[in-house]
Amino acid sequence: MTDPAFDADTLRERALTTLTTARARTTLLTSCVEEPDLTAQHSPLMSPLVWDLAHIGNQEEMWLLRAVAGREPMRPEIDGLYDAFEHPRSERPSLPLLPPAEARHYASEVRGRVLDILESTAFNGTRLTEAGFAFGMIAQHEQQHDETMLITHQLRKGPQALTAPDPDPVPLFTGPSEVLVPGGPFTMGTSTEPWALDNERPAHRREVPAFHMDTTPVTNAAFQAFIADGGYDTERWWMPEGWAHIRQHSIHAPLYWQRDGKQWLRRRFGVTEVVPPDEPVLHVSWYEADAYARWAGRRLPTEAEWEKAARHDPASGRSTRYPWGDADPAPEHANLGQRHLRPAPAGSYPDGESPLGIRQLIGDVWEWTASDFLPYPGFQAFPYKEYSEVFFGPEYKVLRGGAFAVDPVACRGTFRNWDYPIRRQIFSGFRTARSGDA
């Protein structure tokens, strides 16, 4: 009997839905500002929005029209312009990029042809087409660039361009501050998730000693206590590289924060507001997260600890797709998909908690871990080594769990993100851990 999850009609519908959802978000992010904001570079850390727009179309053409369908290139002369490895972000504004109208037309024309081939693609025979992998990869790729475009919107100066409702208010969380995760083995990674990317594979056994993990991410109020206690001025809390970095760049608070008398304000998508005490802290680097953890007498969890806390079900002994089980994310589970433009208060989403009672492991903020970005045993690059393999090493730290800016198609209990430990423009927060079962 055929697994209904891999039925061709079901796969076709899933591919269509995820591609359509991604394109609607891309359209929103590139239509809410005028052309000068699309072609400008708002930070050397980010591309002009118009580069992302055409790059999305170019990658879709290369993988779905050329690689899957065997079509001739539509615009081979632009491939080099939109090769992320050929041109660093800081150089992209000087390239002869497609202007906004032409970039939109190109991406739209590619999408029209993709929808045509989707009707006739057989979801078997090659690794690219098995279970619709190539379509899922492209949907995830577009959503990942939508996240980077949202980061660009946050970096952008000027009036508010994006709006979204706030998360539902919740009572102040009064549950336990930490949860014991029992020691023992668990299955990390996946060999069965059809759209999982290469760095999530293969599934393998990990032995993890008992540890305690924060029930919720660290909040703004808790981080303000670190600041008030001289956390940014006390060298012993910092890794040497982190201490040098914050001194060189005069960093004294999370990115976008500013002091106004006795209170902290932040800028969020063009609006200045009081920093909400109950939200998870956002826009902190790995060095800041690590320093806070040391100050608190704790540490950052390893990547294996984080995944065990998020996926291991002690009752069954198996690893689930998400903390709440195997069902795809729904609004009651997690803050995902840019439904809101901020994290929900700490302790939200009880329906999304893990079997041990840990909350918000998926959504709200990316969570820094203590681990370097390294391959799993048996790793094989697919479909190209530049997705993961070229980044493996001690230069990058792993983040887990996604954020409010991440779409469900690009967020799983096995999904791995990574960045330099100095990065703060990303939607990053953290939670802390401590070793032992006492």
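Figured I'd write up the structure that's included with this text. (Residues numbered from 1 in each chain as written. Predicted model: local features only at pLDDT ≥ 70, side-chain atom pairs only at ≥ 80, totals over all residues. Heavy atoms only, no water.)

**Concerning the overall build of the protein**
Our working rule: Helix and strand definitions follow DSSP, with helices as H or I runs of at least four residues and strands as E runs of at least two, each counted in order from the N terminus. With C-alpha atoms as the basis for the radius of gyration, the globule rule is written as 2.2 Å multiplied by the number of residues raised to the power 0.38. Using the Shrake-Rupley algorithm and a 1.4 Å probe, accessible areas are obtained, with residue cover drawn only from the displayed protein chains. Here the positive residues are Lys and Arg and the negative ones are Asp and Glu; neither His nor the chain ends is included. Where a charge sits is defined by one atom per residue type, namely NZ (Lys), CZ (Arg), CG (Asp) or CD (Glu).
Counting its secondary structure elements, the protein contains 9 helices and 12 strands. On C-alpha atoms alone, the protein measures out to a radius of gyration of 22 Å, which is about the 22 Å that the 2.2 N^0.38 rule sets for 438 residues. Total accessible area on the protein is roughly 18000 Å²; 53% of this is exposed by carbon and sulfur atoms. Side chains of the protein give 44 positive and 60 negative charges; the mean places of these two sets differ by 4 Å.

**As for the packing of helix H6 (residues 220-228) against helix H8 (residues 286-295)**
Going by this rule: Orientation is described by axes fitted as lines to C-alpha atoms, over the contacting stretch for helices, and by angles from 0 to 180 degrees between their N-to-C directions. For classification, angles of less than 35 degrees are called roughly parallel, those exceeding 145 degrees roughly antiparallel, those between 65 and 115 degrees roughly perpendicular, and all remaining angles oblique. It only takes one pair of heavy atoms within 4.5 Å for two residues to be counted as in contact.
At a minimum axis distance of 11 Å, the contact between H6 and H8 shows a crossing angle of 80 degrees. Of the possible angle classes, the one that applies to H6 and H8 is roughly perpendicular. Between H6 and H8, the residues in contact are Ala222, Phe223, Ala225 and Phe226 and Glu288, Ala291, Tyr292 and Trp295, respectively.

**Let's talk about the sheet that holds strand E6 (residues 263-268)**
Counted only if it meets this: DSSP calls a pair of strands paired once it identifies at least 2 bridges connecting them.
In spatial order, the strands read E5-E6-E7; together these 3 strands make up an open sheet with antiparallel pairing. Two strands bound the open sheet, and with one partner strand each, they are strand E5 (257-260) and strand E7 (271-274). Geometrically, the sheet is characterised by an average inter-axis angle of 35 degrees between neighbouring strands, direction not taken into account.

**Observations concerning the nonpolar core**
Note the threshold: The term nonpolar core refers to a set of buried residues drawn from Ala, Val, Leu, Ile, Met, Phe, Trp, Tyr and Cys, joined through side-chain atoms within 4.5 Å. Summary of the burial criterion: residues with accessible area below 20% of their type's maximum are buried, those above 50% are exposed, and those between are partly exposed, where the area comes from a 1.4 Å probe applied to protein chains only.
Phe135, Leu150, Phe223, Trp238, Phe427 and Phe430 are the most contacted members of the largest nonpolar core, which totals 116 residues. Ranked by the residues each element gives to this core, the list is headed by helix H5 (residues 133-155), at 10 residues.

**Here we look at the sheet that holds strand E12 (residues 433-435)**
Spatially, E1-E4-E12 is the arrangement adopted by the 3 strands of the open sheet, whose pairing is antiparallel. Taken across any chain shown, the strands that pair with only one partner, and hence form the sheet edges, are strand E1 (178-181) and E12. Direction aside, the axes of adjacent strands within the sheet are offset by 20 degrees on average. Sheet topology places E1 next to strand E4 (residues 211-214); 4 bridges connect them, and they run antiparallel. Its bridge partner lying in E4, Val179 is registered against Met213. The sheet contacts of helix H9 (residues 303-311) involve E1 and E4, and relative to E4 the element is tilted by about 75 degrees.

**A word on the pairing of E4**
As a general feature of sheets, a regular strand has side chains that alternate between the two faces. Residues Phe211 and Met213 of E4 are buried on one face, and the alternating residues His212 and Asp214, pointing to the opposite face, are buried as well. Note: E4 against E12, 3 bridges, orientation antiparallel. Counted as the bridge partner of Phe211 is Ser435 from E12.

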